[in-house]
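Reading the structure
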Amino acid sequence: MTTWLPAVGPSSAPTPRVQAQVPARGADEGDPARTLDELVRTHLPGLIRYATVLVGDQHTAADLVQEVLLRAHQRWRRIVLTDRPDLYLRRMVTNEHLSWRRRWHVRMIQPTGDDALARHGGAAGDPAEDHAEKDAMWHRLAQLPPRQRTVLVLRYYEGLADADIATVLGTSPATVRSHAARALATLRRTISTHLEKR
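What counts as what
- Residues numbered from 1 in each chain as written.
- Predicted model: local features only at pLDDT ≥ 70, side-chain atom pairs only at ≥ 80, totals over all residues.
- Heavy atoms only, no water.
- pLDDT = per-residue confidence, 0-100.
- Helix = DSSP H or I, 4+ residues; strand = E, 2+ residues; numbered from the N terminus.
- Contact = heavy atoms within 4.5 Å.
- Salt bridge = Lys/Arg side-chain N within 4 Å of Asp/Glu carboxyl O.
- Buried < 20%, exposed > 50% of the residue type's maximum accessible area, 1.4 Å probe, protein only.

1. A word on the confidence of the model for the protein chain
Caution is warranted with low-pLDDT regions, since their predicted coordinates should not be read in detail. Mean pLDDT over the protein chain works out to 75, with 67% of the residues at or above the 70 mark. Per-element mean pLDDT across the protein chain ranges from 43 in strand 2 (residues 15-18) up to 92 in helix 8 (residues 162-169). In this model residues 7-30 is a low-confidence stretch, pLDDT under 50, and it forms 25 contacts with partners more than four residues away in sequence or in other chains. Note that residues 103-107 has pLDDT below 50 and, in this model, nine contacts with residues that lie over four places away or in other chains.

2. What about the pattern of salt bridges?
Any two side chains of opposite charge can pair, on the condition that their charged atoms come close. Here the structure, examined in full by the defined rule, presents seven salt bridges. The shortest N-O distance in the salt bridge between Arg41 and Asp37 comes to 2.8 Å. Note that Arg41 and Asp37 are positioned in helix 1 (residues 32-55) at a spacing of four residues, about one turn of the helix. The class of Arg41 is exposed, set by a relative accessible area of 58%. Assessed through its relative accessible area of 43%, Asp37 is described here as partly exposed. One salt bridge in this structure joins Arg90 and Glu158, with 2.7 Å as the shortest N-O distance. Of this pair, Arg90 sits in helix 4 (residues 85-98) while Glu158 is found in the loop between helix 7 (146-157) and helix 8, placing the two residues 68 residues apart along the sequence. Across the pair, Glu158 and Arg90 agree in class, each one buried. Residues joined by salt bridges that share partners form a network here, namely Arg49, Arg90 and Glu158.

Here you go:
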């Protein structure tokens, strides 16, 4: 709620002050504003992590998620009526990633550095070998078409079922399976080609 207060200094223009509305006692627990707040508190780290894997850069990912949350705030009364608002937010992040019309989007995917990848998974065995393998896989993923890459990230990195991935992408589970099959076939080819060159 914005309240206009008279200025105290030499300026005679009123000064806007934003005051938070305090909900009345016994307010409905399903208050949309409170629900959005709780959803963001719970899912923000996951959304940023997901966006980082999609776009390859943590700063671009944070901008993308911020843009999505601003839009979600404006549409929240509709979003809260869906069965899974968290999947709806993920779908918004996915659509924003797949859209090349964003004014701030870097059109070339830049892989995340080894240190960022290391933070998301524990090292096993020789750390240098582990880093090299992660880096190689990251580059292979970056070569996939955006939708195929998104399906693999949602399935193997985020652990979503095909039906949930279909909800995020706004498509059918059969299309999700088709994207995954093509992406995995491409990865197998690139890995076998790499092993033959050794």
